[in-house]
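Each chain, letter by letter, is given below.
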Amino acid sequence: PDAVGPEPYNFQIITQDSILVFSSFFKKGLTLINGKGNVLKRYSTLINDKDGNYEIGKSLSRGPSAMVFTNNYLFMAMVSLSRNVLSRQSPVLRLNINSEEIVALSQPLQYNDGTLSKIEMIYQILEPDLVINSKDDLVVSFPLDHDLWVLSNDFKNVNRIRVKSQAFRDFELFDGSYEGMTPRQIDEEGSKLIRLSGQYLEFLYDPYRSVYY
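Rules behind the numbers
Residues numbered from 1 in each chain as written. Predicted model: local features only at pLDDT ≥ 70, side-chain atom pairs only at ≥ 80, totals over all residues. Heavy atoms only, no water. Core = buried A, V, L, I, M, F, W, Y, C linked by side-chain atoms within 4.5 Å. Buried < 20%, exposed > 50% of the residue type's maximum accessible area, 1.4 Å probe, protein only. Helix = DSSP H or I, 4+ residues; strand = E, 2+ residues; numbered from the N terminus. Contact = heavy atoms within 4.5 Å. Pairing = 2+ DSSP bridges. Axes fitted to C-alpha atoms, helices over the stretch in contact; angles between N-to-C directions. Phe/Tyr/Trp six-rings, centres within 6.5 Å; stacked < 30°, edge-to-face > 60°.

## Quick look at the nonpolar core
One finds I119 and L138 to be the most contacted residues of the largest nonpolar core, which totals 27 residues. Secondary-structure elements contributing two or more residues to this core are β9 (73-79), β12 (129-132), β13 (138-141) and β14 (147-152). Per-element tally for this core: the top contributor is β9, with three residues. Excluding its chain neighbours within four sequence positions, the residues that come into contact with I119 are R83, Y111, I125, L126, L144, L173, F174 and L193. Judged by nonpolar contacts, the second largest core, of 17 residues, contains L20, I47, L93 and L95.

Below, the structure written as structure tokens:
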């Protein structure tokens, strides 16, 4: 416990003897350990936006696919409660585990400004999921999004693919912008959104049949 932080929150297996553990209460840090639990290296996930104004990487998404690893890059689905941050950059962070360089991707953005203005900023609808498919593409799924985002060609190309479930109606967003609502109205509308909206959660990829669940 003293090696990886007081509350290990998520982990990613790199090899049989190389495991990355994230602890939100350990300065939002990643700890690289071996199979015996010995600490090999530590990484920080705290970075600022392009102007250095807003610290992002507040917490790692809780989904089973919050972290994926490919070609020396660790991709992390982070949760930010700032509309300003989410309207300007993706909640997906990329860490080079060799150079320790960490950047926030510019795409895909989590929801557009219209959607962001009509939701309550709560974890349940702000937790992206990630998978790497058999082509080494990074595929991103958001809870309130009927589309998948596929980053290919060394993550330079971003394609949006419609995958709407027939079981889902339109999402139950606020009737208007949160800026014109009272705190009580925001709580009531947010509760309705969580109860009535379908959400795409627990994103998984089956490499044997090339199917996304």
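Back to the write-up after that little detour.
## Looking at unusual backbone geometry
Among all residues save glycine, negative phi is the norm, and among peptide bonds the norm is trans. The amide bond that connects Q107 to the next residue, P108, takes the cis arrangement and shows omega of 0°. In this structure, E100 takes a positive phi of about 70° despite not being glycine. Tracing the backbone shows E100 in the loop between β10 (92-96) and β11 (102-104). Even without being glycine, F155 reaches a positive phi, approximately 70°. Take F155: it is sitting in the loop between β14 and β15 (157-162). Its relative accessible area of 13% is what places F155 among the buried residues.

## Some details on the pairing of β14
Burial analysis of β14 places six of its six residues in the buried class, the great majority of the element. Burial along β14 is two-sided: D147, W149 and L151 facing one way and L148, V150 and S152 facing the other are all buried. Bridge count for β13 against β14 is four bridges, and the pairing is antiparallel. Directly across from L138, in β14, lies its bridge partner L151. Following β13, the chain reverses through five residues before pairing antiparallel with β14. In terms of strand pairing, β14 meets β15 through six bridges, oriented antiparallel. Note that in β15 the partner of D147 across the bridge is R162. The antiparallel hairpin formed by β14 and β15 contains four residues in its connecting segment, where N153 sits at a positive phi of about 55°.

## Quick look at the sheet that holds strand β4 (residues 39-44)
The strand order across the open sheet formed by four strands is β1-β2-β3-β4, and the pairing between neighbours is antiparallel. Only two strands of the sheet have a single neighbouring strand rather than two, namely β1 (8-15) and β4. If you compare each strand with its neighbour and ignore which way they point, the axes differ by 20° on average. Sheet analysis places strand β3 (residues 29-33) next to β4, joined by five bridges and oriented antiparallel. By the bridge assignment, T31 is partnered in β4 with R42.

## Some words on the packing of aromatic side chains
Taken as a whole, this structure holds six aromatic pairs when the rule is applied. Between Y73 and F75, the ring centres sit 6.3 Å apart and the planes meet at 50°, which makes this aromatic pair tilted. With relative accessibility at 22%, the residue Y73 sits in the partly exposed group. With a centroid separation of 4.9 Å and 40° between ring planes, the pair formed by Y205 and Y212 is classed as tilted. What makes Y212 partly exposed here is its relative accessible area of 31%. Through successive ring pairs, a cluster of aromatic residues spans Y73, F75 and F155.

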